[in-house]
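Residue-level structural notes
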Amino acid sequence: MQDANSQQLCPSSEESQKDQPTMAAEDSEQRELTKAQLLLKRLLAAHETWYDVTRGYTLAGRTFPGLAAYHEYGEQYVLVKRAKLWAVGQHEYIFFDIVDRLEEEAFQDTVQFLKTEALKLVDPVPDHMSTNISMVLIAESISDEAAKVLRKTSFRKNYMFGIRGWSDLCLVGVDLSAEPRKQVISNAAGKKLAKTVAANLNPAAKRKK
């Protein structure tokens, strides 16, 4: 004979059956997504805690499946707010895109877009310290030439000779056809972002370790 507490802990067969269609639908949705789409979904979800995430973001006529925007402000005062010692603003815009195969020419076009159109998002006000323009390119495959150029790409723009801060270009590429340890590549400025991408590439494997 079961007491009241044990009955509450064990759901009825009818309740279990109600949950099954929902779980089946979720599993079906996961199976329908490609590896690239699953990674994008994980990355956008991972950034939602600290970033403003937009799905389907269009800039200058070009649409990206995702954009994550981060804004942080810090100030230091002496006794009262009127005596402000300093104030800084740190920002980042991360563009996410999916391509079948990333070739060098297409990559160069993307870099040019970031240097021109995406850079217009930066507002170098007096308290501005930095705004990173970042890109995560998820590809079924990446050519050797494109991978080489991606790693070597370096770009920094100073505002008023650095008085109003700077912007760095952070680039990360994901080659889903490569060996697990070689799937994520980046330029020097994108190494931190690359770690986040790698952590979300195969989370199930990491949980088993």
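Turning to the layout of surface pockets, a few remarks are in order. Put simply, the second largest pocket is a space of about 380 Å³. Every element with two or more residues in the lining of the second largest pocket is listed here: β2 (62-78), β3 (80-102), β4 (128-142) and α6 (191-201). Among the elements that line the lining of the second largest pocket, the one with the most residues is β3, at four residues. The residue inventory of the lining of the second largest pocket, partitioned by class, reads six nonpolar, seven polar and three charged.

It is worth spelling out the packing of aromatic side chains at this point. A full pass over the atoms with the stated rule returns four aromatic pairs. Between phenylalanine 64 and phenylalanine 113, the ring centres sit 5.7 Å apart and the planes meet at 50°, which makes this aromatic pair tilted. Placement of phenylalanine 64 in strand β2 and of phenylalanine 113 in helix α4 (residues 104-116) is noted, with a sequence separation of 49 residues between them. A relative accessible area of 0% means that phenylalanine 64 is categorised as buried. With relative accessibility at 10%, the residue phenylalanine 113 sits in the buried group. Aromatic rings pair up to connect Tyr57, Phe64, Phe95 and Phe113 into one cluster. The ring of phenylalanine 113 carries arginine 62 above its face, with NZ or CZ at 5.2 Å from the centroid.

With their axes 8 Å apart at the nearest point, α4 and helix α5 (residues 144-152) run at an angle of 30° to one another. Classified by the angle between their axes, α4 and α5 sit roughly parallel to one another. Touching Glu104, Phe107 and Gln108 of α4 are Glu145, Ala146, Val149 and Leu150, all from α5. Looking at the contact of α4 with α5 residue by residue, the classes come out as four nonpolar, one polar and two charged.

Attention now moves to the pattern of salt bridges. The full count for this structure, using the stated rule, is five salt bridges. Arginine 55 is the salt-bridge partner of glutamate 48, the closest N and O atoms lying 3.0 Å from each other. The residue arginine 156 makes a salt bridge to aspartate 168 at a minimum N-O spacing of 2.7 Å. Remark: aspartate 168 occurs in strand β6 (residues 166-175) and arginine 156 occurs in strand β5 (residues 156-158); sequence separation between them is twelve residues. Take arginine 156: its relative accessible area is 48%, and that puts it in the partly exposed class.

Definitions and limits used
- Residues numbered from 1 in each chain as written.
- Predicted model: local features only at pLDDT ≥ 70, side-chain atom pairs only at ≥ 80, totals over all residues.
- Heavy atoms only, no water.
- 1 Å grid on protein atoms, 1.4 Å probe; cavity = no way out; pocket = protein on both sides within 12 Å on 5 of 7 lines; lining within 4 Å.
- Points joined across faces, edges and corners; volume = space filled by probe spheres on them.
- Helix = DSSP H or I, 4+ residues; strand = E, 2+ residues; numbered from the N terminus.
- Nonpolar A, V, L, I, M, F, W, Y, C, P; charged D, E, K, R; others polar.
- Phe/Tyr/Trp six-rings, centres within 6.5 Å; stacked < 30°, edge-to-face > 60°.
- Buried < 20%, exposed > 50% of the residue type's maximum accessible area, 1.4 Å probe, protein only.
- Lys NZ or Arg CZ within 6 Å of the ring centre and 35° of its normal.
- Axes fitted to C-alpha atoms, helices over the stretch in contact; angles between N-to-C directions.
- Parallel < 35°, antiparallel > 145°, perpendicular 65-115°, else oblique.
- Contact = heavy atoms within 4.5 Å.
- Salt bridge = Lys/Arg side-chain N within 4 Å of Asp/Glu carboxyl O.

Purely spatial values, then, with no claim about function.
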